[in-house]
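These are the residues of each chain, in order.
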Amino acid sequence: MQRSAVVVVADKTSLKRPFIFANAVHMALCFFMLTMTVAWHRDLIQTGKLVSSVSVVIMYVVEIGCLLLSVLGVVGACTGKRWCLILYATGMAAASQTIIVRTALSYQDVYEKRVLREESKLLSMMPLTGTSKANRTLLYSIQKEFECCGLIEGYKDWGSSIPASCNCHYPGKCIRLRGSATLGAPKNQYVYQEPCLPVYVSELKLAFSLAMAVQFGSGVFWVVLLVMSIKLMGQIKRKQEFIALLQSNRYIPGAF
């Protein structure tokens, strides 16, 4: 009776349940990321947009690998098989180290290159009065989404052909065109006052910073799971040794 009580106490103080819960959360996040990647990839194929196949493959490998690692960890925790947890810990160590180091070392370089590339892409569309139809479509969507008009000088960049996506309906963001402010433009028309380039670049920087923060946070979360798996392996080993000692009738009180 006394031996059974001791074993129950050992089970209640283990990391088994917290570890399984943490991995369940991890699996849910990985599955969500995988579904988003599949949807994004399908959209790219349907719209005919070109994207590096290497980048897509890496995303699939990372997300599917995360799912498989979590499944392996849960199996190891439920069955008490230490080899499962050893493989799990090895994978988590490699993944967390890679993503943390990569994010820390490449942040500034990738950040500046991507922002400058997008900024140069928009500036190459100037003057807007002579830009291509594809560029116009892109700019219309940017103006509608970010509630801005033009790129550098606001509505003036469009000359007399101010598109409907510049029309403003929100007080405080509008400017009223009066008289000959823009030759050929409708009189008393309300358009967005702020140009799109600074707004778009600012939003791009924010989105990129959030993406880097998510990557770094994922690495830290993987380190936490790694530490939990190592501690759980130790607890499983001590429990197995304790049960073996009980069964051998050589148990000495206070030894564990």
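You'll find the structure just up there.
Definitions and cut-offs
- Residues numbered from 1 in each chain as written.
- Predicted model: local features only at pLDDT ≥ 70, side-chain atom pairs only at ≥ 80, totals over all residues.
- Heavy atoms only, no water.
- Helix = DSSP H or I, 4+ residues; strand = E, 2+ residues; numbered from the N terminus.
- Buried < 20%, exposed > 50% of the residue type's maximum accessible area, 1.4 Å probe, protein only.
- Contact = heavy atoms within 4.5 Å.
- Areas by Shrake-Rupley, 256 points an atom, 1.4 Å probe, with all protein chains shown as cover.
- Phe/Tyr/Trp six-rings, centres within 6.5 Å; stacked < 30°, edge-to-face > 60°.
- Core = buried A, V, L, I, M, F, W, Y, C linked by side-chain atoms within 4.5 Å.
- Patch = residues over 30% accessible without salt bridge, like charges linked within 9 Å, V, L, I, M, F, W, Y side chains within 5 Å.
- Salt bridge = Lys/Arg side-chain N within 4 Å of Asp/Glu carboxyl O.
- Disulfide = S-S within 2.5 Å.

(A) Focus on the overall build of the chain. When helices and strands are tallied, the chain shows 6 helices and 2 strands. Element order for the chain, N to C, with α for helix and β for strand: α-α-α-α-α-β-β-α. Counting only residues that meet the buried cut, the chain has 30% of its 256 residues in that class. In the chain, of all internal contacts separated by at least 6 residues, the share reaching a separation of at least 24 is 62%. When the accessible surface of the chain is summed, it comes to about 16,100 Å², and 64% of that surface belongs to carbon and sulfur atoms.

(B) Inspection of the packing of aromatic side chains at higher detail. Applying the stated criterion to the full structure yields 3 aromatic pairs. With 5.3 Å between their ring centres and 80° between their planes, F19 and Y88 make a pair best called edge-to-face. Of this pair, F19 sits in helix α2 (residues 16-47) while Y88 sits in helix α4 (residues 82-123), and the two are 69 residues apart along the sequence. Pairing F146 with Y200 gives two aromatic rings, centres 5.8 Å apart and planes at 85°, and the pair type is edge-to-face. Highlighted residues: F146 in helix α5 (residues 133-146) and Y200 in helix α6 (residues 196-247), separated in sequence by 54 residues. Residue classification places F146 among the partly exposed residues on the basis of a relative accessible area of 21%.

(C) Seen up close, the nonpolar core. Grouped together as the largest cluster of nonpolar side chains are 24 residues, with contacts concentrated most on L122, L139, L151, W158 and I162. Elements supplying a minimum of two residues to this core: α4, α5, β2 (190-192) and α6. When residues no more than four places from it in sequence are discounted, the contact partners of L139 are L122, M125, L128, L151 and W158. One finds C30, L34, I99 and L225 within the second-largest nonpolar core, a separate group that totals 20 residues.

(D) Fine view of a nonpolar patch on the surface. Taken together, the side chains of F21, V25 and L29 present a nonpolar region at the surface, about 290 Å² in accessible area. Relative to the helices and strands, L29 resides in helix α2.

(E) Spotlight on the state of the cysteines. The final tally for this structure, using the stated rule, is 3 disulfides. The partner cysteine of C148 in its disulfide is C196, sulfur to sulfur 2.0 Å. Between C148 and C196, the disulfide has an S-S torsion of 100° and is therefore right-handed. You can see C148 sitting in the loop between α5 and β1 (174-176) and its partner C196 sitting in helix α6, a full 48 residues away along the chain. Disulfide pairing places C149 opposite C166 at an S-S distance of 2.1 Å. Between C149 and C166 the disulfide shows an S-S torsion of about 90°. By sign, it is right-handed. Taken together, the residues span a long stretch of sequence, with C149 in the loop between α5 and β1 and C166 in the loop between α5 and β1 at a distance of 17 residues. Assigned by exposure class, C149 and C166 land together as buried. Taking only the cysteines that form disulfides and numbering them from first to last, the chain has the pattern 1-6, 2-3, 4-5. Here C30 stays unpaired: no disulfide links it, and the sulfur of C66, its closest cysteine neighbor, is 3.9 Å away.

(F) Spotlight on the side chain of E63. Looking at the element boundaries, E63 is found in helix α3 (residues 53-79). The exposure class of E63 is buried, given its relative accessible area of 5%. Once you skip the residues sitting within four places of it in the chain, E63 turns out to touch C30, M33, L34 and T37.

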